[in-house]
Amino acid sequence: MDGLMMNYPLTLVHLLERVNQLFGKVEVVSRLPDRSIHRYTYADFYRRARQLAKALQQAGIQRGDRVATLMWNHYRHLEAYFGIPACGAVTHTLNLRLHPNEIGYIANHAGDRILIVDDVLLPLFERFKNHARFERVLVVPHSATAGGYENYEDFIVRGEGAFDYPRLEENEAAAMCYTSGTTGKPKGVLYSHRALVLHSFAFALPDAFAVGQKDVLMALAPMFHANSHGIPYVGVMLGAKLVLPGPHVDGESLLELFQSQQVTVTTAVPTVWLMILEGLEKDPGRWRLAPKLRGLVGGSAPPESMIRGLDRHGVRILHLWGMTETTPAATVSRLKSYMRELSIEQKYAVRCRQGWPLPFVEIRAMGIQGEVPWDGETVGELQVRGPWVAASYYNMPEESRRWTEDGWFCTGDVCTIDSEGFMKIVDRTKDMIKSGGEWISSVDLESALMDHPAVRQAAVIAVPHPKWDERPLAVIVCKDGEKLDENDLCSYLGQKFSKWQLPDAFVFVNELPHTSTGKLLKSALREQYKGWKWAEGGRV
Ligand code: AMP
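As a starting point, this report considers the structure included with it. (Residues numbered from 1 in each chain as written. Predicted model: local features only at pLDDT ≥ 70, side-chain atom pairs only at ≥ 80, totals over all residues. Heavy atoms only, no water.)

1. Here we look at the overall build of the protein chain
Along the protein chain, the regular secondary structure elements total 15 helices and 26 strands. Overall, the protein chain is about 70 × 60 × 60 Å in size when its C-alpha atoms are taken along their principal axes. The burial tally for the protein chain puts 59% of its 540 residues in the buried class. Within the protein chain, residue pairs in contact and separated by at least 24 positions form 68% of the contacts whose partners lie at least 6 positions apart. Carbon and sulfur atoms make up 51% of the accessible area of the protein chain, which amounts to about 22900 Å² in all. (Helix = DSSP H or I, 4+ residues; strand = E, 2+ residues; numbered from the N terminus. Buried < 20%, exposed > 50% of the residue type's maximum accessible area, 1.4 Å probe, protein only. Contact = heavy atoms within 4.5 Å. Areas by Shrake-Rupley, 256 points an atom, 1.4 Å probe, with all protein chains shown as cover.)

2. Looking at the environment of Ile476
Within the fold, Ile476 resides in strand β25 (residues 469-478). Ile476 sits 34 residues away from Asn510 along the chain, and the two C-alpha atoms are 8.2 Å apart. Apart from the residues within four sequence positions on either side, Ile476 is in contact with Leu449, Val455, Gln457, Ala458, Leu489, Phe506, Val507, Phe508 and Val509.

3. Describing the packing of helix α7 (residues 193-204) against helix α8 (residues 231-238)
α8 packs onto α7 with a crossing angle of 80 degrees between their chain directions and a minimal axis gap of 9 Å. Considered as vectors, α7 and α8 are oriented roughly perpendicular to each other. Contacts between α7 and α8 involve Leu196, Ser200, Phe201, Phe203 and Ala204 from the former and Ile231, Tyr233, Val234, Met237 and Leu238 from the latter. Tallied by class, the residues present in the contact of α7 with α8 amount to nine nonpolar, one polar and no charged. (Axes fitted to C-alpha atoms, helices over the stretch in contact; angles between N-to-C directions. Parallel < 35°, antiparallel > 145°, perpendicular 65-115°, else oblique. Nonpolar A, V, L, I, M, F, W, Y, C, P; charged D, E, K, R; others polar.)

4. A short note on the pairing of strand β9 (residues 187-192)
Where burial is concerned, most of β9 is hidden: five out of the six residues are buried. Taken together, the six bridges between strand β8 (residues 173-179) and β9 define a ladder with antiparallel strand orientation. Directly across from Tyr178, in β9, lies its bridge partner Gly188. (Pairing = 2+ DSSP bridges.)

What follows is the structure, given as structure tokens:
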């Protein structure tokens, strides 16, 4: 027998309406590219997001069409987060850190029809516009000029007046984000309204990140990478004050905003938290942060010293694990009620694990023989499933092997799970380097290096880095009689990769280690170079 409850769709439209109805007075504060502070309320946000929705509809945008953004974190990006799905279309956030050719590829693959771009990012757009096929480009004017393009403000003015939402189903797509989180081509993750809403609910739970209307949330992680960890949706769902830092994400600028806005919750990758910690240590007593500031960390494993350091400054760090494919939060490391008696050392050890799954997320670790026991020792590949876990990539049937026949997503992370359900990431099967929260494909670098006429073999490995978590190190075997140096290879790679993606060091050797089947033995190289001392500076 079915329950006799209403079939009410879980959509972002409801959140948009609700925030205006109940929390219209609450502020959204943005730091703009010129460092000025912009403030408006959720009522303003609501009006403008609807104007955008209507203007898009009038411009011929249909249900399911993709509208791309190339923007920093600020209020107009928030309008795109809600205005685009409110008319039934899909907000596709383009990652401005990628190489222009890659952005062009992604925009084409996604079939983006319209682009909304910050004027300060037009030079980047100019570098890939010939590869992409946008029908219209709307420029967000921060510094008055739209450089010959259509102005976003003029565009949304056309959407003034009443607007009737299309009747959306909760499983319709609302947002899209490409991940380069494994080898091969970037892959599109297509979030449904329902997934974004349920993720926001779980995120706000007291046993997850315990967020409420009285919190001040900062969307610090880029809005072009895994939806800024979901913070913009959570903020609007709860009607909590939202702070958006724009492009200014150095330690000092962030601490200033934490202080002036009394931020109580934010999420960032360890690299950013390390910068914040450095700022706090440099000038103890200078910053008056909110007494209960909770910092969520994910994206790569945070060092215990960082968690301890931030604790000393009153910033309570909560560790989460997630992926673009999991919207992103999937696990959180919190002590359980009966763990109060653990020693301080034990508590830190627990907090360094990636934690247990949020409600409705399931995890398992799979070994060659099947699921491994939850004993905290046996290692297996982490697999997940749940209502905010991707069921496939957008238009990439060749990647279907990432899902098991019984419906689990293979993350490419290697983990243990202990008897309490605490998961710990111990390695990655994917040959990727995670630098400051962004991926660099070692395989792409290797193929490019091997294309060099003087290179016989090349291996690129991730080596731990004190600031960026990991940086690429290239190990090169030259062809007989050939001689190369770092500058030759950097200028060669520079034609295809952004500067920050280039290896920070090149080592020239006579041969590379291989497995019995002739595969490059990267684990041996990782072992050999794990204590590598990076030179000061670097390319980032
Ligand atoms: P992305 O899709 O770019 O957000 O990257 C997801 C990947 O980041 C995961 O598959 C992990 O390899 C890594 N990752 C995310 N959170 C953590 C964490 N807390 N500890 C270690 N690795 C993490």
